[in-house]
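Each chain, letter by letter, is given below.
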Amino acid sequence: MSAVTETPAHVEDDGHTTNFGMSNEKLAMWTFIGSECLFFGAMIATYLLYLNRTNGGPTAFDIFDIPFTSASTFILLMSSLGMVLALDAIQKKDMRGFQTWTLTTAVLGAIFLSGQIYEFTFFVEEGFKLETSPFSASFFVLTGFHGIHVTVGVVMLFILWALSLKGGITEKNTETVELVGLYWHFVDIVWILIFTLIYLIPVG
Amino acid sequence: MTAIAESPSTGTARRRGFFSRPTETTGWKSWLTTVDHKKIGIMYGVGALLFFVVGGVEALLIRAQLAGPEGEILSADAYNQIFTMHGLTMVFFVVMPLGAAFINYLLPLQIGARDVAFPRINAVSLWIWVAAGLFIYSSVLFDGMPNSSWVAYAPQSIVGPDPNGYTLGADAAAIHQSRMLFYSLGLQIAGVASLASSVNFIVTVLNMRAPGMTLMRMPVFTWMSFVVAFLLLFAMPIIGIALWQLMFQTRFAAPFYDPLNGGDPVLWQHMFWLFGHPEVYIMILPAFGIISEILPVFSRKPLFGYSAIVFSGIAIGFMGWGVWAHHMFTAGLGPVADAAFGISTMFIAVPTGIKIFNWLGTMWGGQIRFTTPMLFSIGLVSMFTIGGLSGVTHSIVPSDTQQHDTYYVVAHFHYVLFGGALFGLFAGIYFWFPKAFGHLLNEKLGKLHFALMLIGFNLTFAPMHFLGLNGMPRRYYTYADGMGWNFWNAVVGIGALVIAVSFIVFVLNIIVSRNNPPAGADPWDARSVEWLTSSPPPVHNFDQIPTISDRDELWYRKYASTSDKEAPVRVPAGASDVANPGGPYGDKVSGKSAKELGIHMPDPSWFPLILSIGLPVAAYGVFYEGALMIGLLAVGGIITFGSMIGWALEPSAEEHH
């Protein structure tokens, strides 16, 4: 830290030296992701506590369609690959590739979301509602908040794509893409955790 | 949406979306649109002191009701609302934001930065906090204020205080639901503000220090703020989830905490205190930082054991996560959990004790000047020690089981939060007031304020130890004659009035002192770099970013190093104070604006203020059903996300050509 000798001329770190060697925006995103870990951690803890409190309503065995959710999980994970390719493209100044992969990532995320909406609708019709049991409530709140995070990510990706068409995002904006990518990968990683804990651990 | 069409890089068009970019630097508009950390800090401080008056009036009502047996000033229902709001106000709208006021104002100055890392996010934190406070207090216009105490334990928070004989009539459930929605949604909104500032402060400290300002040269206040930012970062999401769950429970019948439907009320206690105990350190650590700045200045000695104070602060930050269940010794967690949390609670007294001995060591042998900030700082050291010691008695589980929910606990946490945090924060107000406003506060009135507050504080809270040990429970709206509690309750009531008088003296002091002569850059012969620049500092803080070569940088610029036996010698000044308002040893403040000096500062923006309006609008939607609910949620969402988009497309600073 004592190696810093240059005086930053700007408040904003537009390319200037920062003490940490990482831009303010990227450091903020990592910090925020640290906070998000506790956000999901608190919900996952609640879910694990209420795993078997079904109030005589549907249990995990009764209600979850594991092949269906596995497919939508696969789609979400593939969207992370799309995100990597989008970032790679813009770093190689390949704007066309960037647009293709950003759109692909956003669409894959949207498919995951529609799968979740279908799943929620199906559950409610089957009598597995928010107020059914502590188990159902913690399921809906956990996966629902994850869905909101995916929605935010999809919106950001669509905005990136639309801006790049109009020249608002150019090959100079690799860091903006990287930040959206950090967020997107985090949301995916959380889903891996949620999918494992909710769908793959056998309880009932 | 017109902003999308513009290329942000051309910078020629000033109109962005619906608003033209504000340019005011004075007047009310400049305050509403400011992104300057100093103005934001001042607004936090003023807002917190206004809420302090509200919370104080609530406290006086509580004490008036309890001054004698069978009090009839407040009904049981009113009492529940008043004491709940007293707690919420003092925690979330007085002590936390007063800490935030100092962090905002001082942190960039102390590390030699021009502003925080994200000036507009800083502004949005302030406005969201204001929105949260107004939102919670708007509950008086609806079905009443939250009434389940600030801890809002289930199932009381779900069904209300008396589900069978509730005096409010048949729609008691709806009334209670409305009140607890104000609690859950209001604190949720306040939490957003805290989370945003925590990210901001962490990035500022890690990225924006002046050349030579290594971490271990940072002033202790900055260090404690840094620890607090991490505590906020990890505590806020936990209470956020708990509040969401409470919201889903009260509004949408999701049985999270309802034992009749399989929910576990103890889960709320765990989530609340897993946030709530770090919250205690969030409130006290800024005050610890403040007095660690003040004691060396008025003892004319460097801080004794700087590293020990810093590392004990970090240790408190870590250990603060491992003690939460000492609030729950009567919840039936079992002997192993109780013993473990009892031991961890004894452990956390160690780093706190280290700090206290270091403060004593700082004063030991110093040339002490008993100024008002120094008196308040010594007040913190002594009063907090009393509160800390009664806290250690709570780590002994059988003893705590006796004292749980009695006035002994009330006495304990007021000794640490009032005697600790608030004394430290008032010390800070007296100490940095000349920096922020250019003139000193009156010392005589300041000392009167301190004396009255110290006496009033001890009259109010010391007898609560006796009341608690005599079995008087917390949160009861009245008590019978002949319990042996009458005398001390009367004393407590008098003490509360003395505290109120002391605050009036403080307000008088601010008014009386408004025409005091200019204080100059460094009125206290201080040690850290915020005193290098003029009082008040220019918008850009420093004309020239200082290069730091020592802890106590300013001290070493002022005084030549000599051998230990001799008194330090003041270095002759290079320039006069008249020619250089920045002080002879420091920044050559020219009085020119940032633009004239070629320093790029972020421009004001309307979006932080507009964004904050969206959140309470959406929150009101949760209270209703059908079209009104959807409508309010949609309007709130459009305001919030619309301003986010406008914000994202607006550059932090317009380019000047």
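Residues numbered from 1 in each chain as written. Chains lettered and ligands numbered in written order. Predicted model: local features only at pLDDT ≥ 70, side-chain atom pairs only at ≥ 80, totals over all residues.

1. Let's talk about the interface of chain A and chain B
Tallying the contact residues gives 37 residues for chain A and 43 residues for chain B. Counting only elements with at least two residues in the side of chain A that touches chain B, the list comes to α1 (24-49) and α5 (134-165) of chain A. Per element, the largest residue contribution to the side of chain A that touches chain B is 14 residues, and it comes from α1 of chain A. Each residue belonging to the side of chain A that touches chain B can be placed in one class, and the counts come to 16 nonpolar, 15 polar and six charged. (Contact = placed C-beta atoms within 7 Å. Helix = DSSP H or I, 4+ residues; strand = E, 2+ residues; numbered from the N terminus. Nonpolar A, V, L, I, M, F, W, Y, C, P; charged D, E, K, R; others polar.)

2. Here we look at the nonpolar core
All names here are of chain B. The biggest cluster of nonpolar side chains holds 236 residues, and the ones touching the most others in it are Val-95, Ile-202, Ala-242, Met-271 and Ala-427. A per-element tally of this core places helix α8 (residues 220-252) first, with 24 residues. Ignoring any residue separated from it by four or fewer positions in sequence, one finds Ala-242 in contact with Trp-268, Met-271, Phe-272 and Phe-275. (Core = buried A, V, L, I, M, F, W, Y, C linked by C-beta atoms within 7 Å. Buried ≥ 20, exposed ≤ 12 C-beta atoms within 10 Å, placed from the backbone.)

3. Considering unusual backbone geometry
The peptide bond linking Ala-154 of chain B to Pro-155 of chain B adopts the cis configuration, its omega dihedral lying at 0°. Along the chain, the position of Pro-155 of chain B falls in the loop between α5 (119-137) and α6 (156-159). Residues Ser-535 of chain B and Pro-536 of chain B are joined by a peptide bond in cis, for which omega reads -10°. Relative to the helices and strands, Pro-536 of chain B resides in the loop between α16 (486-512) and α17 (553-558). Look at Lys-93 of chain A: it is not a glycine, yet its phi comes out positive at around 60°.

4. Looking at the confidence of the model for chain B
All names here are of chain B. Here chain B shows a mean pLDDT of 89. Residues at 70 or above account for 91%. Every residue in residues 574-579 is under pLDDT 50, and counting partners more than four places away or in other chains gives five contacts. Scored by ipTM, the complex comes to 0.91, with pTM at 0.92. (pLDDT = per-residue confidence, 0-100.)

5. With respect to the packing of helix α12 (residues 372-394) of chain B against helix α14 (residues 407-437) of chain B
Residues and elements named next belong to chain B. Contact pair α12 / α14: the axes reach a minimum separation of 7 Å and the direction vectors enclose 160°. On the basis of the axis angle, α12 is roughly antiparallel to α14. Viewed along their axes, α12 and α14 form a crossing whose handedness is left-handed. Here the contact of α12 with α14 is composed, by residue class, of 14 nonpolar, twelve polar and no charged. (Axes fitted to C-alpha atoms, helices over the stretch in contact; angles between N-to-C directions. Parallel < 35°, antiparallel > 145°, perpendicular 65-115°, else oblique. Left-handed = near helix turned anticlockwise from the far one by under 90°.)

6. Some remarks on helix α10 (residues 306-319) of chain B
The terminal C-alpha atoms of α10 of chain B, which comprises 14 residues, lie 20 Å apart, in line with the 20 Å expected from a rise of 1.5 Å per residue. Contacts from the buried residues of α10 of chain B go to α8, α9 (265-299) and α11 (335-363) of chain B. (Expected span 1.5 Å × (residues − 1).)

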